[in-house]
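# Descriptive structure summary
Below are the chains, spelled out letter by letter.
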Amino acid sequence: MTDSDRARQLRDQLVDEIVDYGTITAPEIEQAMRRVVRHAFIPEADLEEAYDPFTAVVTKRAEDGTSLSSVSAAHIQARMLEQARLEPGMRVLEIGSGGYNAALIAEIVGSDGAVTTLDIDPEVTARARELLAANGYGDRVHVVTDDAEHGAPEHAPFDRILVTVGTWDIPPAWAEQLTPKGRLVVPLRMRTRTRSIAFEPSGDRLVSDSAHVCGFVPIQGAGTHAYEVLRPLGTEAVRLSFDDGVVPGAHGLEETIATAREETWSGVAVGAREDIGTLQLYLASYLPGFCSMAVDPELDTGPVVPRNPTCAMAAVADDGRSLAYVVHRDAEGDPSSTELGVHALGPDRGAFAARVVDLVRAWNVDQRGGDGPRIEVWPAADANLPTGPVIDKHHTRVAFDWHEPTATGSS
């Protein structure tokens, strides 16, 4: 086989696998992914890496090794294209450039459509422009170098906006540049958990109809929002990462968590391969001190022993004096399942463990196996939000409605 024959074979295998997985249902997305030569947009990768459906390829790194730009995993791109519901003739803005995804969009919207791809990094846009031109899309995609905070007003309005970088907030320009019947698909970070959410405008707010677990290179520019990290043991042994600021008083955790550990088990067993993304979001929305916990297994972490050492679900109590994190153990009599529980430390560890376990049990009864919440994004100044948990950001307020499951998607 020549490289070209091998590439075609791998491309078809990639699409077949994503179709079988259930990610692709729209024929136009399948056709576009079979047509666009993915590896031509990732010259850094070999064919096998380029056509692995579940692997992102980093195309630029910072000096410390942090990923600054990448070509997302093909199954994530396909899922977001499904969420976008693209149609021929649409005007589309992509925020976060790479070239390949813009080419897919151009194939779907056709010659009567218009595609703009935007990135703040001139090296990234120069690369995207060169690759698009080399592969026949130079006249079909506008490449813009600018801060995504402002959108692309010179090419607006847009029927669809697809954001392919992780963002903590939604700037007003994105909603303002949508048509009344437009859709915004954005990887939105909510208390350390990111979901690719499809929104439609409704008055002055955005309302979701699908959400999927995902991970993306973080946005740069005005929208940058770094985690605030707390080390409650005073070393690198335990790290708590917060999205919305450290809970007041939590800086004293070093003294309070060096205590006996409370272990409370929920009686809720989950399958080894069961998707519990809705549980993550449920806890994140109801616990203001929700954070992500990582531990260094090479160091002494004392009584802090999560089963997931890299990204455990954790929370600090409202007064900042107690810490709890979700654990699991083999379910009794069922080797294919694990029981969910909570470890808690601090002066109110018993009460805080009970609070978190109650939320796990409520999720089990009311939300498990469902599509997750309806998520509404309101202007930050709006005080008339629906009843339910709310996460406040700079531009917006994110409200969760767990009583009316969405029609499609999973959180």
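Residues numbered from 1 in each chain as written. Predicted model: local features only at pLDDT ≥ 70, side-chain atom pairs only at ≥ 80, totals over all residues. Heavy atoms only, no water.

In the annotation of an unreviewed UniProt entry, the entry for the protein chain reads Protein-L-isoaspartate O-methyltransferase, and the organism field reads Streptomonospora salina. Taken from UniProt, the Subcellular location (unreviewed entry) comment for the protein chain reads in full: "Cytoplasm". Recorded in UniProt under Sequence similarities (unreviewed entry), the annotation for the protein chain is "Belongs to the methyltransferase superfamily. L-isoaspartyl/D-aspartyl protein methyltransferase family." (UniProt positions renumbered as here; feature names shortened; annotations may be inferred.)

## A look at the overall build of the protein chain
What the protein chain contains, in helices and strands, is ten helices and 19 strands. The C-alpha atoms of the protein chain give a radius of gyration of 22 Å, which matches the 22 Å a tight globule of 411 residues would have. The dimensions of the protein chain, computed from C-alpha atoms along their principal axes, are 65 × 55 × 40 Å. Here the protein chain holds 411 residues, and 54% of them are scored as buried. The contacts in the protein chain between residues at least 6 apart in sequence include a share of 61% that link residues at least 24 apart. Of the roughly 17600 Å² that the protein chain leaves accessible, carbon and sulfur atoms contribute 48%. Charge-centre separation for the protein chain: the mean point of 36 positive side chains lies 2 Å from the mean point of 63 negative side chains. (Helix = DSSP H or I, 4+ residues; strand = E, 2+ residues; numbered from the N terminus. Rg over C-alpha atoms; globule rule 2.2 N^0.38 Å. Buried < 20%, exposed > 50% of the residue type's maximum accessible area, 1.4 Å probe, protein only. Contact = heavy atoms within 4.5 Å. Areas by Shrake-Rupley, 256 points an atom, 1.4 Å probe, with all protein chains shown as cover. Lys, Arg positive; Asp, Glu negative; His and termini not counted. Charge placed at Lys NZ, Arg CZ, Asp CG, Glu CD.)

## Concerning empty space enclosed by the protein
Empty space among the atoms becomes apparent when a probe as large as a water molecule is rolled across them. Scanning the entire structure with this criterion turns up three cavities of 30 Å³ or more. The calculated volume of the largest cavity comes to roughly 310 Å³. Gly-96, Ser-97, Asp-119, Thr-164 and Val-165 are, among the 27 residues lining the largest cavity, the residues nearest its centre. For the lining of the largest cavity, the secondary structure elements donating two or more residues are strand E2 (67-71), strand E3 (91-95), helix H5 (100-109) and strand E4 (114-119). With four residues, the single largest contributor to the lining of the largest cavity is E2. (1 Å grid on protein atoms, 1.4 Å probe; cavity = no way out; pocket = protein on both sides within 12 Å on 5 of 7 lines; lining within 4 Å. Points joined across faces, edges and corners; volume = space filled by probe spheres on them.)

## Comments concerning the environment of Thr-396
Within the element layout of this structure, Thr-396 appears in strand E19 (residues 396-401). What makes Thr-396 buried here is its relative accessible area of 6%. On a C-alpha basis, the gap between Thr-396 and Ala-380 in space is 4.1 Å, while along the polypeptide they are 16 residues apart. When near neighbours in sequence (up to four residues on either side) are disregarded, Thr-396 contacts Asp-169, Ile-170, Val-377, Trp-378, Pro-379, Ala-380 and Ile-391. A distance of 2.6 Å separates a polar atom in the side chain of Thr-396 from a polar atom in the side chain of Asp-169. (Polar contact = N/O pair within 3.5 Å; in protein donor to acceptor, adjacent residues only side chain to side chain.)

## Focus: the environment of Thr-194
Within the secondary structure, Thr-194 sits in strand E8 (residues 193-202). Each C-alpha atom of the pair Thr-194 and Gly-350 lies 30 Å from the other, and the pair is 156 residues apart in sequence.

## Here we look at the packing of helix H9 (residues 277-286) against helix H10 (residues 349-366)
Helix-helix packing: each pair is described by the crossing angle between the helix axes and the interaxial distance. Put simply, H9 and H10 touch, their axes get as near as 10 Å, and they point 135 degrees apart. By the angle class used here, H9 and H10 are oblique. In terms of crossing hand, the pair formed by H9 and H10 is right-handed. For the pair formed by H9 and H10, the contact residues are Thr-278, Leu-279, Tyr-282, Leu-283 and Tyr-286 on the first element and Arg-355, Val-356, Leu-359, Val-360, Ala-362 and Trp-363 on the second. Residues of the contact of H9 with H10, tallied by class, amount to nine nonpolar, one polar and one charged. (Axes fitted to C-alpha atoms, helices over the stretch in contact; angles between N-to-C directions. Parallel < 35°, antiparallel > 145°, perpendicular 65-115°, else oblique. Left-handed = near helix turned anticlockwise from the far one by under 90°. Nonpolar A, V, L, I, M, F, W, Y, C, P; charged D, E, K, R; others polar.)

## Considering helix H2 (residues 27-35)
Within H2, burial applies to Ile-29, Ala-32 and Met-33. Looking down the long axis of H2, one finds its buried residues gathered within 95 degrees of arc, a one-sided arrangement. (Arc of directions from axis to C-beta.)

## Concerning the packing of aromatic side chains
Tallied over the entire structure, the rule returns four aromatic pairs. Ring plane angle 65 degrees and centroid distance 5.4 Å describe the contact between Tyr-21 and Phe-54, whose orientation is recorded as edge-to-face. With Tyr-21 in helix H1 (residues 3-21) and Phe-54 in the loop between helix H3 (47-50) and strand E1 (57-61), this pair connects stretches of sequence that are 33 residues apart. Taken together, Tyr-282, Tyr-286 and Trp-402 form an aromatic cluster joined through their ring pairs. Looking at Arg-329, its charged tip hangs above the ring of Trp-265, at a distance of 4.0 Å from the centre. (Phe/Tyr/Trp six-rings, centres within 6.5 Å; stacked < 30°, edge-to-face > 60°. Lys NZ or Arg CZ within 6 Å of the ring centre and 35° of its normal.)

## So, the pairing of E3
By the criterion of burial, E3 is predominantly enclosed, with four of the five residues buried. Note: E3 against E4, five bridges, orientation parallel. Bridged to Ile-95 within E4 is Leu-118. Between the parallel pair E3 and E4, the chain is carried across by H5, and the sense of this crossover is right-handed. (Pairing = 2+ DSSP bridges. Right-handed = clockwise from strand over helix to strand, strands pointing away.)

## As for the domain arrangement of the protein chain
By the assigned domains, the protein chain splits into domain 1 (3-213) and domain 2 (228-367). In this structure, domain 1 and domain 2 have C-alpha centres spaced 34 Å apart. Taken together, the contact pairs eight residues of domain 1 with 16 residues of domain 2. Of the roughly 1100 Å² buried at the junction of domain 1 and domain 2 (both faces included), carbon and sulfur atoms supply 46%. Considering only the surface of domain 1 that becomes buried against domain 2, Arg-191, Thr-192 and Arg-193 emerge as the three largest contributors, covering 66% of it. If you look at where domain 1 meets domain 2, you find two salt bridges. Of the charged contacts in the structure, one is a salt bridge between Asp-243 and Arg-189, with a shortest N-O distance of 2.5 Å. Counting every contact that joins domain 1 to domain 2 gives eight residue pairs in polar contact (both at pLDDT 80 or more). (Domains from an automatic or database assignment. Buried area = accessible area lost by both parts, 1.4 Å probe. Salt bridge = Lys/Arg side-chain N within 4 Å of Asp/Glu carboxyl O.)

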